[in-house]
Amino acid sequence: MANPLRVLRRRKRPAARLHRTRDQRVAVIGLGRFGSSLASELMRRDWDVLGIDTDARLVQKHSDALTHSAVADCTDPEVLHQLGVHDFTSAVVGIGTDMEASILVGSNLLDAGVPNIWAKAVSRQHGQILERLGIHHVVLPEHDMGERVAHLVTGRMLDFIEFDDDYALVKTVAPQVATGVPLGRSQVRTTYGVTVVGIKRPGEDFTYATADTVVQAGDVIVVTGKTRAVETFANLS
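Procedures and definitions
Residues numbered from 1 in each chain as written. Predicted model: local features only at pLDDT ≥ 70, side-chain atom pairs only at ≥ 80, totals over all residues. Heavy atoms only, no water. Core = buried A, V, L, I, M, F, W, Y, C linked by side-chain atoms within 4.5 Å. Buried < 20%, exposed > 50% of the residue type's maximum accessible area, 1.4 Å probe, protein only. Helix = DSSP H or I, 4+ residues; strand = E, 2+ residues; numbered from the N terminus. Phe/Tyr/Trp six-rings, centres within 6.5 Å; stacked < 30°, edge-to-face > 60°. Lys NZ or Arg CZ within 6 Å of the ring centre and 35° of its normal. Salt bridge = Lys/Arg side-chain N within 4 Å of Asp/Glu carboxyl O. Axes fitted to C-alpha atoms, helices over the stretch in contact; angles between N-to-C directions. Parallel < 35°, antiparallel > 145°, perpendicular 65-115°, else oblique. Left-handed = near helix turned anticlockwise from the far one by under 90°. Contact = heavy atoms within 4.5 Å. Nonpolar A, V, L, I, M, F, W, Y, C, P; charged D, E, K, R; others polar.

Engineer: How would you summarise the nonpolar core if you had to cite specific residues and measurements?
Structural biologist: Formed by 25 residues in total, the largest nonpolar core has its most connected members in Ile29, Ile52, Leu83, Val85 and Leu109. Of all the elements in the fold, those that place two or more residues in this core are β2 (25–29), β3 (48–53), β4 (68–72), α3 (77–83), β5 (90–93), α4 (99–111) and β6 (116–120). Counting 17 residues, the second-largest nonpolar core is a separate cluster that includes Ala168, Ala178, Val194 and Val230.

In structure tokens form, the structure reads like this:
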């Protein structure tokens, strides 16, 4: 019987990334269009990414762009253990063409105790199965592309929508720099290049934000602006 763990490649990392915390590592299982897009965006956001696929050609194609990559069959729980995935706080199942493999891998990740598991569903029925299995976050590719999910995996944003003209809408917990004074006096727009357009307090409905709105710690806010500006602002949370 062939060894389900055939190849492991490692990308030389810059010295600044050698001490990456375990909370900034993610395993992406399945390097098709969705998985590779997600992995690339996470790398751009300075996360360590372990990319895994059973297709050696896909692994070879993306190996130079990822922190680590492996040709492996993660339907075998022992393979996950050999790769150390049980020690990751986040994992993404990007398998789309084989529903059985997707379910088996998701089940193995749950058994391994990975606390944050994201899984791509190819249909709503597939998504319902994954949810019943206990997968924490199920995404449908027609609604949730890799770049968007990458922002959510990092944990800084509650939702992220990017438009074609490099403009984004983000829902995030209000950072301290935006709290305690009316928005008109907070200089958020001047300093960070973003505009707070909505606010939600615990137990209340969303409401429009005005210059007189005072954001409090723990409030959820909706922010708009250039993509890089809203990314920077959300990272202050």
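Engineer: Give me the lowdown on the packing of aromatic side chains, citing residues and values where you can.
Structural biologist: Taken as a whole and judged by the stated rule, the model has 0 aromatic pairs. It is Arg25 that lies over the ring of Phe88; its NZ or CZ is 4.7 Å from the centre.

Engineer: Please give an account of the pattern of salt bridges that cites residues and values.
Structural biologist: Under the definition given, this model contains 4 salt bridges. Between Asp87 and Arg25 there is a salt bridge, and its shortest N-O distance comes to 3.2 Å. In this pair, Asp87 is assigned in the loop between α3 and β5 and Arg25 in strand β2, connecting sequence segments 62 residues apart. Given a relative accessible area of 34%, Asp87 falls into the partly exposed group.

Engineer: Would you mind going over the environment of Glu100 in detail, with residue names and values included?
Structural biologist: By secondary structure assignment, the location of Glu100 is in helix α4. Judged by its relative accessible area of 57%, Glu100 falls in the exposed class. Remark: the alpha-carbon pair of Glu100 and Thr75, spanning 25 residues in sequence, is separated by 9.2 Å.

Engineer: Give me the lowdown on the packing of α4 against helix α5 (residues 124–133), citing residues and values where you can.
Structural biologist: The geometry of α4 relative to α5 is characterised by a closest axis approach of 10 Å and an angle of 20 degrees between their N-to-C directions. Classified by the angle between their axes, α4 and α5 sit roughly parallel to one another. Seen along the crossing, α4 lies across α5 with a hand that is right-handed. On α5, the residues touching Met99, Ser102, Ile103, Gly106, Ser107 and Leu110 of α4 are His126, Ile129, Leu130 and Leu133. When grouped by side-chain class, the residues that make up the contact of α4 with α5 number 6 nonpolar, 4 polar and no charged.

Without other data, these values stay purely geometric and don't point to any function.
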